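# Structure at a glance
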Amino acid sequence: MNARPRAMAAIAMAAIAIAASLLLASAAAQAGEFEAAPCPSAYEAGVPLTLPAAVDLALCHNAQVHGAWAGIRLQAAGVGEARAVFLPTLNAGVSRVHDRTAYPGASTPSGSLNSNTGSLNLSWRLFDFGGRAAGQRSAQALLDAALANRDAVLQKTLAATVSAYFDAQTARANVRMREEYRALANETVLATQRRAQRGLGSHSDTLQATSALAKAALGASRADGEFQKARAVLVYTLGLPAEAGVVLDDEADAPVAGLGEDLHTWLALAQARHPAIVAAQAQLAAARERVAMSESEGRPSIDLTANIYQNGRPNQGLSAASTRETLVGISLNIPLFDGFARHYKVRGALAQAGQREAEAQDVKQQTLMELVKTHAEASTALANLAASQAWLDAARDAQASVQRKFGLGAADILEMLNTQSALLEAQQERIRCQAEWRSARLRLLASAGVLGREAIAGR
């Protein structure tokens, strides 16, 4: 009689040990898989800041990114919880009981009894028509949605960082262009003064050149103010202290690689990889699995139970003799009627699945429509970039020609100032077209769902 309970206890303890090891292994795997990458060291003042380094700093300091990682860990815990229902549960209890019995008004003496009681309970669901499996698939789909949401947050952060970085670079390029224009205007003033000394020009020419120099100085001052504002926005986007003296990296114009693929290829890429579409599809899959879970609740289930009681069951009277009770059973649970609650629960799950399906379709349509618009804008920006370069080359040649003629006295001050203004306009348009192309190309990558650190580094 004593060997059998001990064998049952050993079997129960072995089962719970296996279950615990499986859960610990699963938890360790989930924890290792869904940990954020370590943040880089802080920005060193005076060191040129490249775009990949700016991206690393922004991702480490962005609160939404941290929130997305927390959401992933939350859903990973939900997956572990869904897996746990496949394993047995084991509960143990130990108590010290004092039982005193008195007989008032009778000659029978009172008695007392002290005893230690213990219990060990094992429960294991063996079969349930797929409800647990559907729950696990639903939890995994929610985890996939959380991962896609993290990718969407990362892309949003990347886009904001890239935009702030390029705005600062464009503002700095405008400052340099304005400084060059002021230097050119100053050279024109000196040239008019030399012409006046030789009797080739009038005092009016010198006044007009001086006026153009003052206008160029005002433009340079305004451009410097815009650059300081753009750099402040970049510092805020990176999560750095306001007093951080960010120095932008001097990067030469990268060769223009073009759009790479046609529109149909971009559309296929977006349908397969865009985080918003992936997240919507995962939410739809989770909703469909919840329908299966609701349907399985109205079907039979089979449970295995094993119990060992030492010196009586909990919350029962004690006996004078030492006892040990062992129970092993298999139970079949058949739901018969619950007031149609499960029926309405299934209908609600079906309605939610239909809602998720409509949302997934809407997200897909909106994403692809945005991609088509962005592709058209990128194509236009690429064509404008080539045209602006041709305009700038022609304006530079014209300005150089007029400057030589002006030095020889073959051109007047109005022609000189007009060519300088045309060169300034061509330089401004070139900077604007470069900014539009960079922005359009990266927005195209974001619209396709492939904007990542590698794409930014290889822009």
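The rules we used
Residues numbered from 1 in each chain as written. Predicted model: local features only at pLDDT ≥ 70, side-chain atom pairs only at ≥ 80, totals over all residues. Heavy atoms only, no water. Helix = DSSP H or I, 4+ residues; strand = E, 2+ residues; numbered from the N terminus. Buried < 20%, exposed > 50% of the residue type's maximum accessible area, 1.4 Å probe, protein only. Contact = heavy atoms within 4.5 Å. Areas by Shrake-Rupley, 256 points an atom, 1.4 Å probe, with all protein chains shown as cover. pLDDT = per-residue confidence, 0-100. Axes fitted to C-alpha atoms, helices over the stretch in contact; angles between N-to-C directions. Parallel < 35°, antiparallel > 145°, perpendicular 65-115°, else oblique. Nonpolar A, V, L, I, M, F, W, Y, C, P; charged D, E, K, R; others polar. Salt bridge = Lys/Arg side-chain N within 4 Å of Asp/Glu carboxyl O. Core = buried A, V, L, I, M, F, W, Y, C linked by side-chain atoms within 4.5 Å. Expected span 1.5 Å × (residues − 1). Polar contact = N/O pair within 3.5 Å; in protein donor to acceptor, adjacent residues only side chain to side chain. Pairing = 2+ DSSP bridges. Phe/Tyr/Trp six-rings, centres within 6.5 Å; stacked < 30°, edge-to-face > 60°. Lys NZ or Arg CZ within 6 Å of the ring centre and 35° of its normal. Patch = residues over 30% accessible without salt bridge, like charges linked within 9 Å, V, L, I, M, F, W, Y side chains within 5 Å.

## A word on the overall build of the protein chain
Helix and strand counts for the protein chain come out as 10 helices and 6 strands. Across the 459 residues that make up the protein chain, the buried fraction comes to 36%. A separation threshold of at least 6 residues defines the contact pool for the protein chain, and within that pool the share at least 24 residues apart is 82%. With the model as given, the accessible surface of the protein chain reaches about 25400 Å², and the carbon-plus-sulfur share is 57%.

## Regarding the confidence of the model for the protein chain
For the protein chain, per-residue confidence averages 81 on the pLDDT scale, and residues scoring 70 or more make up 85% of the total. This model gives residues 12-32 a pLDDT under 50, and the stretch forms 19 contacts once residues within four places in sequence are excluded.

## Here's the deal with unusual backbone geometry
A positive phi angle, near 60 degrees, is found at Phe-129, a position not held by glycine. Summarising the element assignment, Phe-129 is placed in the loop between β3 (111-127) and α4 (131-197). Its identity as a non-glycine residue notwithstanding, Phe-340 has a phi of 65 degrees, on the positive side. Position of Phe-340 among the secondary structure elements: in the loop between β6 (324-333) and α8 (341-408). Look at Phe-340 and you get exposed, because its relative accessible area is 51%.

## So, the packing of helix α3 (residues 63-84) against α4
Here α3 crosses α4 at 170 degrees, and the two axes come no closer than 8 Å. If you check the angle between α3 and α4, you find them roughly antiparallel. When its residues are assigned to classes, the contact of α3 with α4 shows 14 nonpolar, 9 polar and 3 charged.

## Regarding the packing of α4 against helix α9 (residues 413-448)
For any two helices packed against each other, one specifies the inter-axial angle together with the distance between the axes. Contact pair α4 / α9: the axes reach a minimum separation of 10 Å and the direction vectors enclose 170 degrees. What the angle tells us is that α4 and α9 run roughly antiparallel.

## Here we look at the pattern of salt bridges
What the rule picks out here adds up to 13 salt bridges. Salt-bridge contacts for Arg-137 lead to Glu-289; the nearest nitrogen and oxygen are separated by 3.0 Å. Of the two residues, Arg-137 sits in helix α4 while Glu-289 sits in helix α7 (residues 275-296), which places them 152 residues apart along the sequence. On the accessibility criterion, Arg-137 (44% relative accessible area) is partly exposed. A relative accessible area of 19% places Glu-289 in the buried class.

## Brief notes about the nonpolar core
Soluble globular proteins tend to pack their nonpolar side chains together in the buried interior. One finds Tyr-165 and Leu-234 to be the most contacted residues of the largest nonpolar core, which totals 42 residues. Where this core is concerned, the elements lending two or more residues are α2 (51-61), α4, α5 (203-238), α6 (263-273), α8 and α9. Aside from chain neighbours lying at most four places away, what touches Leu-234 is Thr-161, Ala-164, Tyr-165, Ala-168, Val-246 and Leu-248. Listed in part, the 12 residues of the second largest apolar core include Val-65, Ala-76, Ala-146 and Leu-147.

## Structural notes on α7
Compared with the 32 Å implied by 1.5 Å per residue over 22 residues, the 32 Å span of α7 between its first and last C-alpha is a close match. Contacts from the buried residues of α7 go to α4, α6 and α8.

## Looking at the environment of Lys-215
Position of Lys-215 relative to the elements: it lies in helix α5. Along the backbone, Lys-215 and Ala-185 are 30 residues apart, and their C-alpha atoms lie at a distance of 9.2 Å.

## Brief notes about the side chain of Arg-172
Positionally, Arg-172 belongs in helix α4. Residue Arg-172 is classed as buried on the basis of its relative accessible area, which comes to 14%. Among the polar contacts listed, one links the side chain of Arg-172 to the backbone oxygen of Leu-248, at a separation of 3.1 Å.

## A word on α5
A rise of 1.5 Å per residue sets the reference length of α5, with its 36 residues, at 52 Å; its end C-alpha atoms lie 53 Å apart and thus fit the reference within 8%. Just beyond α5, the residue with positive phi is Gly-239, at close to 75 degrees.

## A short note on the sheet that holds β6
Across the sheet, 4 strands lie side by side as β2-β3-β5-β6; this open sheet has antiparallel pairing. The sheet is open, and its two edges are formed by β2 (89-101) and β6, each paired on a single side. Neighbour-to-neighbour, the strand axes of the sheet open up by a mean angle of 15 degrees, direction not taken into account. Pairing of β3 with strand β5 (residues 301-310) involves 9 bridges; the strand directions are antiparallel.

## Quick notes on the packing of aromatic side chains
In this structure the tally under the stated criterion is 3 aromatic pairs. Its end group placed over the ring of Trp-69, Arg-150 keeps NZ or CZ at 5.0 Å from the ring centre. Note that Arg-438 overlies the ring of Phe-166, its terminal NZ or CZ placed 4.9 Å from the centroid.

## Considerations on the environment of Arg-178
Take Arg-178: it is sitting in helix α4. Accessibility expressed as a relative area gives 16% for Arg-178, which makes it buried. The spacing of Arg-178 and Gln-428 is 250 residues in sequence and 9.3 Å in space, taken between C-alpha atoms. When neighbours within four sequence positions are excluded, Arg-178 is seen to be in contact with Gly-219, Ala-220, Ala-223, Leu-424 and Gln-428.

## Topic: the pairing of β3
For a regular strand, the rule is simple: side chains alternate between the two faces of the sheet. As paired elements, β2 and β3 share 13 bridges and run antiparallel to each other. Across the sheet, residue Ser-95 finds its bridge partner in β3, namely Thr-117.

## Regarding a nonpolar patch on the surface
A cluster of nonpolar side chains, contributed by Leu-332, Ile-334, Leu-336, Phe-337, Phe-340 and Tyr-344, occupies part of the molecular surface with about 770 Å² of accessible area. For Leu-332, the location among the structural elements is in strand β6.

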